[in-house]
Amino acid sequence: MHTLNLGDFELMAVSDGIYHLDGGAFFGVVPKLLWQKKTPADANNRVPVGLNSVVVRTGAHTVLIETGIGNKLPEKLIAIYGQPAQLLDGLSSAGLSPDDIDVVINTHLHFDHCGWNTIRRGDQHVATFPKARYYVQAGEWRHGRRQLERDAVSYMSANYDPLLANGQMQLLHGDQEIVPGISVKVFAGHTRHMQAVVVQSAQKTACYISDLIPTTAHLELTWGMAFDLFPLETIESRKRFYSRAIPEKWLTMFTHDPSVPWAYLTKDERGKPAIAR
Ligand SMILES: [Zn+2]
């Protein structure tokens with residue numbers, strides 16, 4: 001388990017496990033000759049993909065950023081991606097029960113980011129974190145509900161609609177503070193309304209940048225995923241992120257990196273974003 005103090009806050013990286021995506025889809029238009037040097041593929045061209053959640057303890061609140069794939073994936077998708085379902089065990093090893101979480105933030109509603117929002121109980125879906133308020137952008141929820149051909153498979157209403165129905169989930173309209181020291185910031189590209197989570201305490205800043213920069217292998221501006229709905233906006237949003245994160249020394253938290261949940265960024269000798277060592 002990775003833990004770190006950020007100002008007066010405590011950060012804990014907790015994983016829902018590793019799943020698998022097609023390497024070509026994960027690296028978009030980047031040729032395999034280039035990406036396989038950073039992320040080797042298996043015999044089926046799949047690469048291992050992490051499912052990193054982060055718990056932030058502020059002293060006043062225990063905030064869970066992202067909830068992985070969960071345990072409700074249909075058989076058809078389990079056969080393709082796998083379903084590690086480790087998040088609750090990880091939280092428990094960190095001494096946290098679902099009752100301890102009082103805020104859940106979803107960066108967007110693709111099934112690999114909000115799967116543990118709910119669990120099945122009989123023929124109902126109920127909150128996994130019964131005492132939590134859940135937050136996502138209204139535009140993201142509206143987009144998922146439209147079930148467009150391009151990405152309908154990524155949206156499973158059981159992950160969020162029961163929480164809207166019972167009043168636990170709140171839909172946001174743009175950048176906003178959620179609790180003191182934790183706010184959300186919209187970065188379009190992967191989806192139009194994906195939100196990053198910015199954590200600030202005692203002059204220190206961390207940012208869970210989610211699928212805008214899913215792993216440390218995706219730092220280059222043009223190394224976007226094929227899943228991105230607005231690839232040109234991904235590039236612009238990355239520029240906007242780096243223009244603050246690098247000079248202001250933000251800790252960047254990576255949603256899908258299988259081994260590096262967070263890192264500080266710098267520019268390499270060619271001026272490209274790189275991990276600070
Ligand atoms: Zn996504």
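Conventions we followed
- Residues numbered from 1 in each chain as written.
- Predicted model: local features only at pLDDT ≥ 70, side-chain atom pairs only at ≥ 80, totals over all residues.
- Heavy atoms only, no water.
- Helix = DSSP H or I, 4+ residues; strand = E, 2+ residues; numbered from the N terminus.
- Rg over C-alpha atoms; globule rule 2.2 N^0.38 Å.
- Buried < 20%, exposed > 50% of the residue type's maximum accessible area, 1.4 Å probe, protein only.
- Areas by Shrake-Rupley, 256 points an atom, 1.4 Å probe, with all protein chains shown as cover.
- Lys, Arg positive; Asp, Glu negative; His and termini not counted.
- Charge placed at Lys NZ, Arg CZ, Asp CG, Glu CD.
- Disulfide = S-S within 2.5 Å.
- Donors = N, O, S within 2.8 Å, 3.2 Å for Na, K, Ca; no water.
- Contact = heavy atoms within 4.5 Å.

K.L.:
Give me the overall build of the protein: which residues, what numbers.
P.N.:
When its secondary structure is counted, the protein shows 8 helices and 16 strands. Taking 19 Å as the expected radius of gyration for a compact globule of 277 residues, we find that the protein reaches 17 Å, a close match to that expectation. Along the longest, intermediate and shortest principal axes, the C-alpha atoms of the protein span 55 × 45 × 35 Å. Considering the protein as a whole, with its 277 residues, one finds that 54% of them fall into the buried category. Approximately 12,100 Å² of the protein is accessible, and the part contributed by carbon and sulfur atoms is 51%. Between the mean site of the 27 positive side-chain charges and the mean site of the 28 negative ones, the protein shows a separation of 5 Å.

K.L.:
Give a detailed account of the state of the cysteines, specifying residues and quantitative values.
P.N.:
This structure, assessed with the given rule, holds 0 disulfides. This cysteine, Cys-114, is not joined by any disulfide, and Cys-207 carries the nearest cysteine sulfur, 19 Å off.

K.L.:
Requested: an account of the environment of Leu-34, with residues and values cited.
P.N.:
Considering the arrangement of structural elements, one finds Leu-34 in helix H2 (residues 32-38). Distance from Leu-34 to Phe-230, taken between C-alpha atoms, is 23 Å for residues 196 residues apart in sequence.

K.L.:
So what about the coordination of the zinc ion? Which residues, and what values?
P.N.:
Donor atoms from the polypeptide that bind the zinc ion are His-108 (NE2), His-110 (ND1), His-190 (NE2) and Asp-211 (OD), placed at 2.1 to 2.3 Å. When the donors of the zinc ion are listed by position in the chain, the intervening gaps give H-x1-H-x79-H-x20-D. The exposure classification of His-108 matches that of His-110, with both residues buried.

K.L.:
Before we move on, can you summarise helix H6 (residues 138-146) with the specific residues and values?
P.N.:
Burial in H6 covers these residues: Ala-138, Gly-139, Glu-140, Trp-141, His-143 and Gly-144. Tucked inside the fold, the buried residues of H6 contact strand S8 (133-137), helix H7 (161-165) and strand S9 (169-172). Once H6 ends, the next one or two residues include Gln-147, with phi positive near 50 degrees.

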